[in-house]
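A structural walkthrough
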Amino acid sequence: MSYNGHLMRQITCLLVAAVCAGACNHSSDAVSNKVPGSSKASKPSLPAGWIEFKPANGTFSVYLPKQPQEQTQTLPSNLGVSGSLHMYAVDAKPTVYLVNDTVVSTQPPAGAGADEMMKGVESGFAGSTHTQVVSSKSEKIGGYQGRRMEFASKDLTFKGFTIVAGKHNFVIITGGATGKFDKENIDNFLASFEVLNPDAS
């Protein structure tokens, strides 16, 4: 299995655990996760040779170097929450671009419950990639509650964010070998992500 394929499997496991734990344990916080008074940031220009990708259900849009590989996993029934996890990945060596969308049958938590869930995603990603969290900040992203994250080790560097929107928890991550990826493209990828339909299943 390739490095990126192995990474996708690790991210799948941590997202299932973090998102479902939040949805199951913080149902009392399940109120709107749209941040009042927030506005969308302007979208960057599409880089030459890139595409604007939208999944079949129209949940989000994002700029990618090429059409992503897609994978879907049904959440295990013993978690007490039904739903699915959808992964979209591009291996544009030496950089990997990943969008993960976990949608559950019940509204994920908002407020403190959502932030706790997102911190779980953060710590799980750091553990699975053997990196350290070097930056972590809770903020509104695209009008929704989110958390920006950066991870690093001697060999690997990643940056991205997670958002709770409707019944979806999005995790947008990019990176790869330390010092060997295009910062401008990474920033364009992250800035281009937009939630289009948080109510889609």
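A look at the pattern of salt bridges
The tally for this structure, following the rule as stated, stands at six salt bridges. With a shortest N-O distance of 2.9 Å, glutamate 139 and arginine 148 are connected by a salt bridge. For glutamate 139, a relative accessible area of 25% translates into the label partly exposed. Between lysine 183 and aspartate 187 there is a salt bridge, and its shortest N-O distance comes to 2.6 Å.

Quick look at the sheet that holds strand β9 (residues 168-177)
Within the open sheet, the seven strands sit side by side as β3-β4-β5-β9-β8-β7-β6. Their pairing is antiparallel. Two strands lie at the open edges of the sheet, namely β3 (69-74) and β6 (132-141), each paired on one side alone. Across this sheet, the average inter-strand angle for adjacent strands is 15 degrees, counted without regard to direction.

Observations regarding the pairing of β9
Taking burial as the measure, the 10 residues of β9 include nine buried ones, the bulk of the element. Bridging between strand β5 (residues 95-104) and β9 involves nine bridges; their strand directions are antiparallel. Its bridge partner lying in β9, valine 99 is registered against isoleucine 172. In terms of strand pairing, strand β8 (residues 156-165) meets β9 through 10 bridges, oriented antiparallel. Counted as the bridge partner of alanine 165 is histidine 168 from β9. Adjacent in sequence and paired antiparallel, β8 and β9 are bridged by two residues, among which glycine 166 carries a positive phi angle near 60 degrees.

Cut-off values and rules
- Residues numbered from 1 in each chain as written.
- Predicted model: local features only at pLDDT ≥ 70, side-chain atom pairs only at ≥ 80, totals over all residues.
- Heavy atoms only, no water.
- Salt bridge = Lys/Arg side-chain N within 4 Å of Asp/Glu carboxyl O.
- Buried < 20%, exposed > 50% of the residue type's maximum accessible area, 1.4 Å probe, protein only.
- Pairing = 2+ DSSP bridges.
- Helix = DSSP H or I, 4+ residues; strand = E, 2+ residues; numbered from the N terminus.
- Axes fitted to C-alpha atoms, helices over the stretch in contact; angles between N-to-C directions.

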